[in-house]
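Given next are the chains, with one letter for each unit.
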Amino acid sequence: QVQLVESGGGLVQAGESLTLSCAASGSILRINRMGWYRQPPGKQRELVGLDSSGGSTNYADSVKGRFTVSRDNAKNTVYLQMNSLKPEDTAVYYCNAEIVIIRQGFPVYVTWGQGTQVTVSS
């Protein structure tokens, strides 16, 4: 099995910064893509930022210029740096990855982390 473990969530004030991390573990051959989604209270889960093959990163319009996704391939870890946080950023943040497993046939799994709460007070 493959697991994603998120960390770094917490309570901050508006205007402050916070960095989340997500580490993948298991029999990993390759991670095709890795990124972040979030689900605010009473809303649907939405894309935050996704690091895809080829080095390109896509961001939601609401976080462009404030959030940055980065990857450490040697550690199978993705980070989400969040600056100038707003109360509207309050949500459960989820790590997501597409991973190729070291098994016969090299299956591809799409895996979610357990989520980490980020709360931004005004």
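Now for a quick tour of the structure. Everything quoted here is computed from the prediction, not taken from an experiment. Note that residues are indexed from 1 along each chain, following the sequence as it is written. Local features in this predicted model are restricted to residues of pLDDT 70 or higher, and side-chain atom pairs are both shown and tallied only at a pLDDT of 80 or more, whereas totals for entire chains, interfaces and linings draw on every residue. Note that the side-chain values use all heavy atoms of the structure and ignore hydrogens as well as water.

## Some remarks on the nonpolar core
- Remark: nonpolar core denotes a set of buried residues (Ala, Val, Leu, Ile, Met, Phe, Trp, Tyr, Cys) joined through side-chain atoms within 4.5 Å. Remark: exposure states derive from per-residue accessible area (1.4 Å probe, protein chains only) relative to the maximum for the residue type, with buried under 20%, exposed over 50%, and partly exposed in between. In this structure, Met34, Trp36, Leu80, Met82, Tyr93 and Ile99 are the most contacted members of the largest nonpolar core, which totals 28 residues.
- Helical segments are the DSSP runs of H or I of at least four residues, strand segments are the runs of E of at least two, and each set is numbered from the N terminus. Top element by residues in this core is strand E9 (residues 91–101). It accounts for 6 residues.
- Aside from chain neighbours lying at most four places away, what touches isoleucine 99 is Val2, Leu4, Ala24, Ile28, Arg30, Ile31, Pro107, Val108 and Tyr109. In this description, contact between two residues means that some pair of their heavy atoms is separated by no more than 4.5 Å.

## Side note on the sheet that holds strand E8 (residues 77–82)
- With antiparallel pairing, the 4 strands of this open sheet are ordered in space as E1-E3-E8-E7. In the strand order of this sheet, the two ends are held by strand E1 (3–7) and strand E7 (67–72), each with one partner. When strand polarity is set aside, the average angle formed by the axes of neighbouring strands in this sheet is 15°.
- One requirement defines pairing of two strands: DSSP has to find at least two bridges between them. When E7 meets E8, the two strands line up antiparallel, connected through 6 bridges. Where helices are involved, their axes are fitted lines through C-alpha atoms of the stretch in contact, as for all axes, and angles between N-to-C directions lie from 0 to 180°.

## A look at the pairing of E8
- Of the strand pairs in this sheet, strand E3 (residues 18–25) and E8 are connected by 6 bridges, and their pairing is antiparallel. When the sheet's bridge partners are listed, cysteine 22 is paired in E8 with valine 78.
- Where E7 hands over to E8, the hairpin turn is made up of 4 residues, of which asparagine 76 adopts a positive phi near 50°.

## What about the pattern of salt bridges?
- Each reported salt bridge corresponds to a side-chain nitrogen of Lys or Arg within 4 Å of a carboxyl oxygen of Asp or Glu. Within the structure shown, the criterion is met by 6 salt bridges.
- Of the charged contacts, one joins glutamate 98 and arginine 33 as a salt bridge, the two residues approaching to 3.7 Å between their closest N and O atoms. Of this pair, glutamate 98 sits in strand E9 while arginine 33 sits in strand E4 (residues 28–39), placing them 65 residues apart in sequence.
- Owing to a relative accessible area of 22%, glutamate 98 belongs among the partly exposed residues under this scheme.
- The partner of arginine 38 in a salt bridge is glutamate 46, with the nearest N and O atoms 2.8 Å apart.
- On the basis of relative accessible area, glutamate 46 is assigned to the partly exposed category, the value being 30%.
- A cluster of three or more residues bridged by salt bridges with shared partners is formed by Arg38, Glu46, Arg66 and Asp89.

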